[in-house]
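# Summary of the model geometry
Here is how the chains run, residue by residue.
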Amino acid sequence: MNDTVDKLVIFLAKRDGIDKLVKTFQYVSKLVNWHVETTYPDIATRAKQWEVASGLSRKAFRSGRFLTGFNALRRSPGTSRGFRSLAVLANSGEMIYFFFDHFLWLARIGVIDVGYAKRMSFISAFGESVGYVFFVIADFILITRGLKAERKLLIEEESKETEGEIKKIRMDRIMRLMAVAANIADLIIALAEIEPNPFCNHNVTLGISGLVSAWAGWYRNWPS
């Protein structure tokens with residue numbers, strides 16, 4: 001049986017695993033920068049540099065990631081017309097996000113005109129927001145269905161098969177709730193880019209949202 005080190009190696013071998021680790025660095029450093037900005041400006045500067053480097057690294061790791069949404073639509077668009085529509089809207093938004101994120105990364109590292117960065121960031125964040133909204137809707141629908149199925153199974157005569165089905169439904173619900181938490185947290189970060197406001201753009205809001213998203217991703221991707 002795998003121990004913690006084995007599981008960590010497996011986790012970090014995944015692109016999503018590396019992304020969640022670096023995302024944790026990114027938003028911890030953002031909170032550190034905010035906390036010591038006035039008292040320890042030298043440490044705050046270093047934390048800011050770590051945050052920026054982490055953000056740019058994550059964009060590099062995500063190269064080609066927009067194909068994931070395309071492949072999801074190609075392979076498994078949904079079991080009903082309603083879910084197919086949700087899948088198209090959610091994955092299309094995610095594809096726009098990851099595709100234009102490439103150009104945002106290139107602008108920020110100076111490969112293309114830095115003047116494109118603001119526009120690319122807006123388009124990427126807008127697509128990201130659309131995707132998250134529809135992913136959350138789909139997850140809530142499936143969670144509701146799971147609750148109904150669980151109640152029905154609890155009425156039936158208890159058996160090993162029934163217990164196994166209930167356990168499977170509950171685990172699926174936990175994973176979906178983690179996905180909802182991550183998507184809502186990332187939605188707040190995207191809204192800060194689309195429509196800047198004092199709440200979403202506050203360093204504490206962004207830092208906590210980023211960590212909620214990262215740690216939900218840790219939970220979902222950690223080997224069982």
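Residues numbered from 1 in each chain as written. Predicted model: local features only at pLDDT ≥ 70, side-chain atom pairs only at ≥ 80, totals over all residues. Heavy atoms only, no water.

The next point concerns the overall build of the chain. Scanning the chain from terminus to terminus reveals eight helices and zero strands. Going residue by residue from the N terminus, the α and β elements of the chain occur as α-α-α-α-α-α-α-α. Taken over the C-alpha atoms alone, the chain extends approximately 65 × 40 × 35 Å along its principal axes. Taking all 224 residues of the chain together, the buried fraction comes to 37%. For the chain, the share of sequence-separated contacts (at least 6 apart) that also reach a separation of at least 24 residues comes to 70%. Accessible surface computed for the chain: about 13400 Å², of which carbon and sulfur atoms make up 64%. Taken as two groups, the 30 positive and 23 negative side-chain charges of the chain have centres that lie 4 Å from each other. (Helix = DSSP H or I, 4+ residues; strand = E, 2+ residues; numbered from the N terminus. Buried < 20%, exposed > 50% of the residue type's maximum accessible area, 1.4 Å probe, protein only. Contact = heavy atoms within 4.5 Å. Areas by Shrake-Rupley, 256 points an atom, 1.4 Å probe, with all protein chains shown as cover. Lys, Arg positive; Asp, Glu negative; His and termini not counted. Charge placed at Lys NZ, Arg CZ, Asp CG, Glu CD.)

Let us look at the packing of aromatic side chains. How two aromatic rings sit relative to each other is set out by the distance from centre to centre and by the angle between their planes. Taken as a whole and assessed by the stated rule, the structure comprises ten aromatic pairs. Look at F25 and W50: their rings are 5.4 Å apart centre to centre, the planes differ by 35°, and that puts the pair in the tilted class. Taken together, the positions of F25 in helix α2 (residues 15-36) and W50 in helix α3 (residues 41-61) put the pair 25 residues apart, joining distant regions of the chain. On the accessibility criterion, F25 (31% relative accessible area) is partly exposed. Centre to centre, the rings of W218 and W222 are 6.2 Å apart; their planes meet at 25°, and the pair counts as stacked. Through pairs of rings, three or more aromatic residues link up here, namely F66, F99, F100 and F103. (Phe/Tyr/Trp six-rings, centres within 6.5 Å; stacked < 30°, edge-to-face > 60°.)

This part covers the UniProt feature "transmembrane region" (unreviewed entry) in the chain. Mapped onto this numbering, the UniProt entry annotates "transmembrane region" (unreviewed entry) at residues 83-100 and 120-143. Secondary structure across residues 120-143 comprises 100% helix and 0% strand; the distance between its end C-alpha atoms is 34 Å. (UniProt positions renumbered as here; feature names shortened; annotations may be inferred.)

Here α3 crosses helix α5 (residues 81-108) at 135°, and the two axes come no closer than 9 Å. Judged by the inter-axis angle, α3 sits oblique to α5. The way α3 lies across α5 gives a crossing that is left-handed. Residues L56, K59 and A60 of α3 pack against D101, L104, W105 and R108 of α5. Residues of the contact of α3 with α5, tallied by class, amount to four nonpolar, no polar and three charged. (Axes fitted to C-alpha atoms, helices over the stretch in contact; angles between N-to-C directions. Parallel < 35°, antiparallel > 145°, perpendicular 65-115°, else oblique. Left-handed = near helix turned anticlockwise from the far one by under 90°. Nonpolar A, V, L, I, M, F, W, Y, C, P; charged D, E, K, R; others polar.)

All right, on to α5 then. With 28 residues, α5 should reach 40 Å at 1.5 Å per residue; the first-to-last C-alpha distance of 40 Å fits that figure. One or two residues past the end of α5 sits G110, with phi positive at roughly 90°. (Expected span 1.5 Å × (residues − 1).)

Turning next to the environment of M120. Relative to the assigned elements, M120 resides in helix α6 (residues 117-155). Sequence spacing of M120 and Y97 is 23 residues, and the spatial spacing of their C-alpha atoms is 9.4 Å. Ignoring sequence-local partners within four residues, the contact set of M120 consists of F100, F103 and L104.

Attention now moves to a nonpolar patch on the surface. Together, V28, V32, Y40 and I43 make up an exposed nonpolar region whose accessible area comes to about 330 Å². Among the structural elements, I43 can be located in helix α3. (Patch = residues over 30% accessible without salt bridge, like charges linked within 9 Å, V, L, I, M, F, W, Y side chains within 5 Å. Salt bridge = Lys/Arg side-chain N within 4 Å of Asp/Glu carboxyl O.)

For S54, the location among the structural elements is in helix α3. Sequence-distant contacts of S54, that is, excluding residues within four places in its chain, are made with V22, F25 and Q26.

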